[in-house]
Amino acid sequence: EERDEVHDILLEQPRLVMLERQSPVFMTQQLLRWQRGEMSNFDYLMHLNSAADRSFNDLTQYPVMPWVLSDFKSATLDLDDPASFRDLSKPIGALNPDRLRRLLDRFREMPKDGQPPPFLYGTHYSTPGYVLNFLVREYPEYMLCLQNGKFDSPDR
């Protein structure tokens, strides 16, 4: 009953106004600024993250950046060498042919009429656990929040 009441109240609310940063005109203006070199790659990516309501203040909606490099072995990164960059025509999960084959095999074996429907990737690329994994050296206290206030569980 209380849930239905909240639902009814929400339906009665006036339509939310689109934020300026999400308007098609503003998005196009930002794209053109980036294309003309008036905005750095980082600033443009942060604009896209902001338009998608991603924020450093929410581990469940943390900003995401594209993975563009493929050369992690050279002592010096040659930005003029195309081999230094990953193939952006494919998602990360499809870059390794063996991994892609395993994902596709699993996908084909999943029941087509079951719940959940067949999927390639079992998790989202941005979860609080993944975000904290990258932040743990800078903010170890955040990891404690994810693990019930303990660094480790002795019983596991």
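A quick note: this is a predicted structure, and the numbers were derived from the prediction, not measured. (Residues numbered from 1 in each chain as written. Predicted model: local features only at pLDDT ≥ 70, side-chain atom pairs only at ≥ 80, totals over all residues. Heavy atoms only, no water.)

Examining the overall build of the protein chain
Stage number 1. Along the backbone of the protein chain there are six helices and zero strands.
Stage number 2. Taken from N to C terminus, the helices and strands of the protein chain fall in the order α-α-α-α-α-α.
Stage number 3. Evaluated residue by residue, the protein chain yields a buried proportion of 15% over its 156 residues.
Stage number 4. Taking all contacts inside the protein chain whose residues are at least 6 apart in sequence as the whole, residues at least 24 apart take part in 24%. (Helix = DSSP H or I, 4+ residues; strand = E, 2+ residues; numbered from the N terminus. Buried < 20%, exposed > 50% of the residue type's maximum accessible area, 1.4 Å probe, protein only. Contact = heavy atoms within 4.5 Å.)

So, the pattern of salt bridges
Stage number 1. On inspection of all chains with the given rule, the structure shows four salt bridges.
Stage number 2. Where Arg 33 meets Glu 38, a salt bridge forms, and the shortest distance between an N and an O atom there is 4.0 Å.
Stage number 3. For Glu 38, a relative accessible area of 46% gives the class partly exposed.
Stage number 4. A salt bridge links Arg 108 to Asp 105, with the nearest nitrogen and oxygen atoms 3.3 Å apart. (Salt bridge = Lys/Arg side-chain N within 4 Å of Asp/Glu carboxyl O.)

Notes on the packing of aromatic side chains
Stage number 1. If you walk through the whole model with that rule in mind, you get three aromatic pairs.
Stage number 2. Ring centres of Trp 34 and Tyr 44 lie 4.7 Å apart, and the angle between their planes is 10°; this geometry places the pair in the stacked category. One end of the pair, Trp 34, is in helix α2 (residues 24–35); the other, Tyr 44, is in helix α3 (residues 41–51), with 10 residues separating them in the sequence.
Stage number 3. Note that Lys 112 overlies the ring of Phe 107, its terminal NZ or CZ placed 5.2 Å from the centroid. (Phe/Tyr/Trp six-rings, centres within 6.5 Å; stacked < 30°, edge-to-face > 60°. Lys NZ or Arg CZ within 6 Å of the ring centre and 35° of its normal.)

Here we look at the environment of Leu 59
Stage number 1. Following the sequence through the fold, Leu 59 ends up in the loop between α3 and α4 (97–109).
Stage number 2. Residue class for Leu 59 comes out partly exposed when judged on its relative accessible area of 26%.
Stage number 3. Considering only alpha carbons, one finds Leu 59 and Tyr 130, 71 residues apart in sequence, at a separation of 9.2 Å.
Stage number 4. Excluding residues that lie within four positions of it along the chain, Leu 59 makes contacts with Thr 127, Pro 128, Val 131, Leu 132 and Leu 135.

Remarks on the confidence of the model for the protein chain
Where the model shows low pLDDT, its predicted coordinates should not be examined in detail.
Stage number 1. For the protein chain, the average pLDDT comes to 85, and 87% of its residues sit at 70 or higher.
Stage number 2. Mean pLDDT across the elements of the protein chain ranges from a minimum in helix α6 (residues 140–146), with 71, to a maximum in α4, with 94. (pLDDT = per-residue confidence, 0-100.)

Describing unusual backbone geometry
Stage number 1. Even without being a glycine, Asp 53 presents a positive backbone phi close to 60°.
Stage number 2. Mapped onto the elements of the fold, Asp 53 is located in the loop between α3 and α4.

Examining a nonpolar patch on the surface
Stage number 1. Side chains of Val 68, Leu 77, Leu 79, Phe 85 and Leu 88 sit close together on the surface and give an oily, nonpolar patch of about 440 Å² of accessible area.
Stage number 2. One can find Val 68 in the loop between α3 and α4. (Patch = residues over 30% accessible without salt bridge, like charges linked within 9 Å, V, L, I, M, F, W, Y side chains within 5 Å. Areas by Shrake-Rupley, 256 points an atom, 1.4 Å probe, with all protein chains shown as cover.)

Examining α3
Stage number 1. Among all positions in α3, only Tyr 44, Met 46, His 47, Asn 49 and Ala 51 are buried.
Stage number 2. The secondary structure elements touched by the buried residues of α3 are α2.
Stage number 3. Backbone geometry just downstream of α3 places Asp 53 in the positive-phi region, at approximately 60°.

Some points on α4
Stage number 1. With 13 residues, α4 should cover 18 Å at 1.5 Å per step; its first-to-last C-alpha distance of 18 Å lies within 8% of that length.
Stage number 2. For α4, the capping residue at the N-terminal end is Asn 96, with a side-chain oxygen 2.9 Å from the backbone nitrogen of Asp 98. (Expected span 1.5 Å × (residues − 1). Polar contact = N/O pair within 3.5 Å; in protein donor to acceptor, adjacent residues only side chain to side chain.)

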